[in-house]
Amino acid sequence: MSSSTLIHKLYPANHKTVFVLDHSPYFGISSDYPIELDPADKSRGPGFIPIAPICKSLWTSTIEAVFEYCRIVWDIFPDRKLIRVILSDVQAQSLNTWNQEEQNLVHCMYSLTSIGSHPPRQNAECSMMYGLCSALEAMCEPTSLQSEKLKQDPNTPSKHNTSVGGGGESTSKILNRCRIICVTSCADVGAVEKLKATFHTELQNMNKLATESEHLFPVHFCHLVIINVFPCSAKHATALYNMQYQETPFSPVLSTGGKVISHILTSHGGDIFMHTLSTGRSILEDPPSISEGYGGRVTDYRITDFGILMRSNKLMAGRRVPPGEKLNDKMKSKLERQTLYWPLTISSTYIYNNKQLFEPLLTLVQKEEISDGALIQCNQCIFNLVALEAKHEPLLPNNSGTRGKGPKRDEQYRQMWNELEHLVKLNNRSDNHAKLLQTLLDFKNKTHTASSSNSSEDKHIKVDLNQALRELE
Amino acid sequence: MPAIIAIDVSLSMARQIVSPDSDSSDLCTYLQLAIHGTNSLLDYFSAHAKLEFVALTAFSSTCEVISPFTRDFESLRSKLTQLEECDKTCFDSVVQCVNRLVLSEWGSSTPCQVILLTDGNLGMSSITIEPPVFSFPCKLTSVIISKTKSCHPSLKKLVETPDTIPFTKMADLELSTWSMSSTISVLGFLEISQIGSPAAVSRHLVLPQESGGNGGAPPVDHEEEGGEGNTPSFCVLLHGAVKVENYAALCNLGSDWYGILYSCADSKKKSNLMLLALEPGKQSVPWLGNLQHLVSPDLWEHVEAFPLKPLEKKTFPLKPLEKKSYSLNAVNWIRQASLQSDIQKILRHARKLPDKTVQFYKELNKLKRAAISYGFLELFDGLAAIFERECTLLPGTAHPDCALQLTFAAGLLRKPYVRDPKYVISAMRTNFNNEDE
């Protein structure tokens, strides 16, 4: 891509468009284009008297066409394609500013009605110059996007950039390219030339002012379009209508022969969206099933448990979130905490297969902090496990789904304690977490010693346990 | 991404490579070396990128497709043996041929890589080479086989897994580039139906692989049964769970770049984990709102400034902040027919007076307001004439209110003060409906 094309694409003139509309009494005259008020297909009986067609004024035709242009542009480009409409008669009257809140038809229509849409009838000193000068002033006002970019650019002289000191010539590469569309009625070629000449003079004057001003942004390029309007005007209508379709970005794929679905229209939340589909062959064609790949033959993934995890991390949208708030990061750290230790398969875990024995410890240990009350609950959980082991209770429910007999009960408990220790160690992030880990290690080591010697020490452990329970109360 | 290997088969490729430290027994031509290199490349593809499509072309002054895109690397190998030397090198021919091949197969938006193997010798021609213009996103790698350096290392470098191409987007005043991070983090889950069909930059097949680190390995011993398929993989678990629950995972692909992980099934029993790379930016799915602000409800308590009341929770799809013109019900008389239909609507209400008195005046005021906004004052007299004519067309059975209100409204429309935007036309009080006195 050549650099000039790049500049045209990066700084398109249609970022800022100003319509300058001739609002002189001349525009109040009829367009001579008849409009039937009765629908063509309604033929009534013999007594039916047709209503004489009426004509819109040049003004009505102009403002309708301009608003239609705005409607299409704003529908397709809700931001970044800004339009202002300025009426020019004995003064310039602007229907809106560059503010995003005023870039819509409801606002423009409202302003137009309060100004008084119909051109004045008396022949006062009307001129397009008022509107043209006002349009050039408007062009030197940076849009919010331009202001933002000027502030970010280190080469911008200090008047736009509060963070950098010192003045001097601008070396900024940010360009102010724009377009002015004058809709007027020129008697002859001379009038057009005069308009162009005045435009040039005023643009230079304005730029001189803007360079010296604190708030203004000089114009680097301005595309001037003059639309000449006159009555009985198939030409005038064509000139305006052609422009409306310049912005339409869709280019449907043409199919030859058989039917090809290239686009789909759908609605989401009341807006219509056009989905463009790829019509070529897909490079993802005929992939092997995931079950044929790595990890594909494992059959005891904890799918149900992961479903629970997904539901507890189902996303919602908030209406108002403070600026700069990165809720994504909170979500990410929550998920990281919850999956710090998350066995993928049923056969690789004891503590998640018979959860009622381990809750609420499993949930509480994932929290950012364990409260004192929660710590008591966690300790209780450990004591219960110690008691179970002492009673030689089975660790897994009978229908746990593991194949064969599995390891012996002692071995089950040994692995369970290791797993629990691993979980609590990974989550050791507060004082109470550390206390929990200590309690766990104390009991784990005691039971381990106990089981490695003989059962005569069982009594000793029970005493210990009872003592601990008493302490708790 | 699909690859096109283009081998130079010009006469200069038939030269023998003379190397000082090689004896005459392993003498080979430039073309043989290029074929050897291509074979190594195909070895790499069959070992590490089985699902890539590869096409083979041979070029001289013309360019011939030796094999269209295929995953059958053995057939490509066998076709390599059939290459024959032709005339002189011409790069234009290969560019045209590759463009045709890619456009007819994948279209203009699928990125492809072109690997050009040549001795770079243009023979007697003194043509200046124009930079190649590909009609698709192209990653071009030229392998120049010359006497000075051995070609094997450069070929090896070439076949290393291609990096993801950064995404570049140009908007008014902004040229932005996004690169995909090497880590994809899950940020939460959504129902498939909530996601809809968002615009995507690309789609990728997610293939489970042996994890390098052993960070989260469980301490519980379990029997090693051996074999790749029997070692658990998170991808397979994620795929199974999102498939069963009809969910998808929202993930982070890089700074301000989001993606969706979901299960994709073909018509048969096969299904796979897919990654949909959304258009970069936090607003890439308009009906989900700002993607940076999606959290599970339990985290709302941490959003301190604006605690949400339960009623304020919004459901997907979100309504747009600003309505498009088609849902605004605005007046637009660009076409004659739309003005006529607005008038007919008022007349329909007029014939059902007094039942439709409210609707009649509501529509009349709407039309009046629009006429004033557009400066379309000619409409006032026109509409008055239509109302007066409507009175003459009323059937004998019509309610007296029809004629009364129509005549009243017609009279008002001709008064200059009605053309004040602030003036609202209200119904005439008739003797026939006294109920509201």
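Everything discussed here concerns the structure shown above.
What you see is a predicted model, and the numbers here were worked out from it, not measured in a lab. (Residues numbered from 1 in each chain as written. Chains lettered and ligands numbered in written order. Predicted model: local features only at pLDDT ≥ 70, side-chain atom pairs only at ≥ 80, totals over all residues. Heavy atoms only, no water.)

Contacts between the two partners involve 113 residues from chain A, matched on the other side by 117 residues from chain B. Taking both sides of the interface into account, the surface hidden between chain A and chain B amounts to around 11000 Å²; carbon and sulfur atoms contribute 62%. A salt bridge links Glu245 of chain B to Arg311 of chain A, with the shortest nitrogen-to-oxygen separation between them at 2.4 Å. At the junction of chain A and chain B, the tally comes to 41 residue pairs in polar contact (both at pLDDT 80 or more). By residue number, the principal contributor to the side of chain A that touches chain B is helix H2 (residues 58–76) of chain A, which donates 10 residues. Of the residues in the side of chain A that touches chain B, the class split is 50 nonpolar, 30 polar and 33 charged. (Contact = heavy atoms within 4.5 Å. Buried area = accessible area lost by both parts, 1.4 Å probe. Salt bridge = Lys/Arg side-chain N within 4 Å of Asp/Glu carboxyl O. Polar contact = N/O pair within 3.5 Å; in protein donor to acceptor, adjacent residues only side chain to side chain. Helix = DSSP H or I, 4+ residues; strand = E, 2+ residues; numbered from the N terminus. Nonpolar A, V, L, I, M, F, W, Y, C, P; charged D, E, K, R; others polar.)

Applying the stated rule across the entire model yields 27 salt bridges over all chains. Of the charged contacts, one joins Asp298 of chain B and Lys334 of chain A as a salt bridge, the two residues approaching to 2.9 Å between their closest N and O atoms. Taken as a pair, Asp298 of chain B in the loop between strand E12 (271–278) and helix H7 (336–351) and Lys334 of chain A in helix H9 (residues 327–338) lie in two separate chains rather than in one. A residue is classified by how much of its surface remains accessible, and Lys334 of chain A, at 5% relative accessible area, is buried. Here Lys169 of chain B makes a salt bridge to Glu279 of chain B, at a shortest N to O gap of 3.3 Å. A residue pair is termed long-range when its members are at least 10 positions apart, and Lys169 of chain B in strand E6 (residues 167–171) and Glu279 of chain B in the loop between E12 and H7 qualify at 110 residues. (Buried < 20%, exposed > 50% of the residue type's maximum accessible area, 1.4 Å probe, protein only.)

Turning our eyes to something else, we now look at the layout of surface pockets. Residues and elements named next belong to chain A. When its volume is computed, the second largest pocket comes out at roughly 710 Å³. Residue lining of the second largest pocket: 23 residues in total, with Lys334, Gln338, Thr363, Gln366 and Lys367 positioned closest to the centre. Among the secondary structure elements, those contributing two or more residues to the lining of the second largest pocket are helix H8 (303–312), H9 and helix H10 (361–364). For the lining of the second largest pocket, the element with the most residues is H9, which contributes 5 residues. For the lining of the second largest pocket, the residue count by class is 6 nonpolar, 6 polar and 11 charged. (1 Å grid on protein atoms, 1.4 Å probe; cavity = no way out; pocket = protein on both sides within 12 Å on 5 of 7 lines; lining within 4 Å. Points joined across faces, edges and corners; volume = space filled by probe spheres on them.)

Attention now moves to unusual backbone geometry. For the bond from Glu359 of chain A to Pro360 of chain A, the omega torsion is 5 degrees, close enough to zero to count as cis. Counting through the fold element by element, Pro360 of chain A comes out in the loop between H9 and H10. Note the cis peptide between Leu353 of chain B and Pro354 of chain B, where omega equals 5 degrees. Relative to the helices and strands, Pro354 of chain B is located in the loop between H7 and helix H8 (357–373). Backbone geometry at Leu173 of chain B places phi at a positive 65 degrees, although glycine is not the residue there.

Looking now at the sheet that holds strand E10 (residues 247–254) of chain B. Residue and element names in this part refer to chain B. An order of E8-E10-E11-E12-E9 is seen for the 5 strands of this open sheet, with the pairing classed as antiparallel. Of all the strands in the sheet, just strand E8 (185–191) and strand E9 (200–206) have a single pairing partner and so form its edges. Taken pair by pair, the neighbouring strands of this sheet meet at an average axis angle of 30 degrees, ignoring direction. Inspection of the sheet shows strand E11 (residues 257–265) paired to E12 by 7 bridges, in the antiparallel sense. Residue pairing for E12: Leu261 is matched across the bridge by Leu275. Helix H6 (residues 234–245) contacts E8, E9, E10, E11 and E12 of the sheet and is inclined by roughly 90 degrees relative to E12. (Pairing = 2+ DSSP bridges. Axes fitted to C-alpha atoms, helices over the stretch in contact; angles between N-to-C directions.)

This paragraph deals with the packing of aromatic side chains. Aromatic rings in a pair are described by how distant their centres are and how their planes are angled relative to each other. All names here are of chain B. Taken as a whole, this structure holds 20 aromatic pairs over all chains when the rule is applied. Ring geometry for Phe45 against Phe73: centres 6.0 Å apart, planes inclined by 20 degrees, an arrangement best described as stacked. In this pair, Phe45 is assigned in helix H1 (residues 30–48) and Phe73 in helix H2 (residues 73–80), connecting sequence segments 28 residues apart. On the accessibility criterion, Phe73 (6% relative accessible area) is buried. (Phe/Tyr/Trp six-rings, centres within 6.5 Å; stacked < 30°, edge-to-face > 60°.)

Ranked by size, the top nonpolar core spans 59 residues in total, and within it Trp333, Phe360, Leu379 and Phe387 of chain B carry the most contacts. Per-element tally for this core: the top contributor is H2 of chain A, with 9 residues. Not counting residues up to four positions away in its chain, the partners in contact with Phe360 of chain B are Ile346, His349, Ala350, Leu353, Phe387, Leu406 and Ala409 of chain B. Core analysis: the next-biggest nonpolar cluster, separate from the first, contains 31 residues, Tyr350, Ile351, Tyr413 and Leu437 of chain A among them. (Core = buried A, V, L, I, M, F, W, Y, C linked by side-chain atoms within 4.5 Å.)

Below, the discussion takes up the environment of Pro232 of chain B. As for its position among the elements, Pro232 of chain B is in the loop between E9 and H6. Among the residues examined, Pro232 of chain B registers a relative accessible area of 28% and is labelled partly exposed. Each C-alpha atom of the pair Pro232 of chain B and Glu210 of chain B lies 9.2 Å from the other, and the pair is 22 residues apart in sequence. With residues near it in sequence (within four places) discarded, Pro232 of chain B still touches Tyr294, Val298, Tyr301, Leu344 and Thr345 of chain A.

Residues and elements named next belong to chain B. Relative orientation of the contacting elements H8 and helix H10 (residues 400–413) amounts to 20 degrees, with a least axis distance of 12 Å. In terms of axis orientation, H8 runs roughly parallel to H10. Where H8 crosses over H10, the handedness of that crossing is right-handed. Counted together, Thr357, Phe360, Tyr361 and Leu364 of H8 and Gln405, Leu406, Phe408 and Ala409 of H10 form the full contact between these two elements. Considering only residue class, the contact of H8 with H10 consists of 6 nonpolar, 2 polar and no charged. (Parallel < 35°, antiparallel > 145°, perpendicular 65-115°, else oblique. Left-handed = near helix turned anticlockwise from the far one by under 90°.)

On to the sheet that holds strand E5 (residues 92–94) of chain A. Residues and elements named next belong to chain A. Strand order in the open sheet formed by 5 strands is E5-E4-E1-E6-E7, and the pairing between neighbours is mixed. The open sheet has two free edges, formed respectively by E5 and strand E7 (221–228), since each of these has just one partner strand. On average, each strand axis in the sheet is tilted by 20 degrees relative to the strand beside it, whichever way the strands run. Alignment of strand E6 (residues 177–184) against E7, held across 8 bridges, turns out to be parallel. Residue pairing in the sheet places Val183 in a bridge with Ile227 of E7. Each of E6 and E7 is contacted by helix H6 (residues 189–212), which is oriented at about 155 degrees to E7, the strand it contacts most.

A separate point is H2 of chain B. The α-helix advances 3.6 residues per turn, and as a result positions three or four apart in sequence lie on the same side. Residue and element names in this part refer to chain B. Restricting attention to buried positions, one finds in H2 the residues Phe73, Leu76, Arg77 and Leu80. In a view along the axis of H2, the buried residues occupy a sector of 100 degrees, so they form one face of it. Against strand E1 (3–8), H1, strand E2 (54–59) and strand E3 (63–70) lie the buried residues of H2. (Arc of directions from axis to C-beta.)

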